[in-house]
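Descriptive structure summary
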Amino acid sequence: MSAAALPKIGDFDIQHLGNTAWALAVLHLHNQPLCESIAASAIPIMVNGTAQDLASTAWAFAVLRVHNEPLMEAISSSALRKLHQFGSREISNTVWSFAKLL
């Protein structure tokens, strides 16, 4: 499945990228090439993400223990601009994710 997803990742929107990362984390499938591709595709469009998209993407990378500094910077920057949209769940998941990757 991961190999089939790689060529299509560039066509995903931020929600689909986050959902894919989330699914990998839930299944404990650490696929470095796929994670790198998700991160590279997500960074330029992270500004389009909802609070849930940002939090779930951060959570997935933390669970997978994939520290991608450019991705985390993109999530952080977008989250700061959209903080008023974050509920308690999104805030706690995002903060936990960043702490986990320290």
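Everything below is about the structure printed above this text.
Along every chain, residues carry numbers that run from 1 in the direction the sequence is written. Selection of residues for local features in this predicted model requires a pLDDT of at least 70, selection of side-chain atom pairs for listing and counting requires 80 or more, and totals for whole chains, interfaces and linings are taken over all residues. Hydrogen atoms and water are omitted, and side-chain values are computed over all heavy atoms in the structure.

Another aspect to go through is the overall build of the protein chain. Numbering goes from the N terminus for both helices and strands, where a helix is a DSSP run of H or I of at least four residues and a strand is a run of E of at least two. When its secondary structure is counted, the protein chain shows 6 helices and 0 strands. The N-to-C order of helical and strand elements in the protein chain reads α-α-α-α-α-α. Taken over the C-alpha trace, the protein chain has a radius of gyration of 12 Å; the compact-globule value for 102 residues is 13 Å, and the two agree within 12%. Viewed in the frame of its principal axes, the protein chain has a C-alpha envelope of about 35 × 25 × 20 Å. Burial here depends on accessible area, computed with a 1.4 Å probe over protein chains only, as a share of the maximum for the residue type. Under 20% is buried, over 50% is exposed, and the range in between is partly exposed. Counting only residues that meet the buried cut, the protein chain has 43% of its 102 residues in that class. Taking as baseline every contact in the protein chain between residues at least 6 positions apart, the subset at least 24 positions apart corresponds to 79%. In these tables, accessible area is a Shrake-Rupley quantity obtained with a 1.4 Å probe, and a residue counts as shielded only by the protein chains included in the view. When the accessible surface of the protein chain is totalled, it reaches about 5,700 Å², and 59% of it is carbon and sulfur. The convention is simple: Lys and Arg are positive, Asp and Glu are negative, and His and the chain ends are not counted. The atoms used to mark charge sites are NZ of Lys, CZ of Arg, CG of Asp and CD of Glu. The averaged location of the 7 negative side-chain charges in the protein chain is 7 Å from the averaged location of its 6 positive side-chain charges. With the radius of gyration taken over C-alpha atoms, the globule rule is written as 2.2 Å times the number of residues to the power 0.38. By definition in these notes, contact holds between two residues if any of their heavy atoms fall within 4.5 Å.

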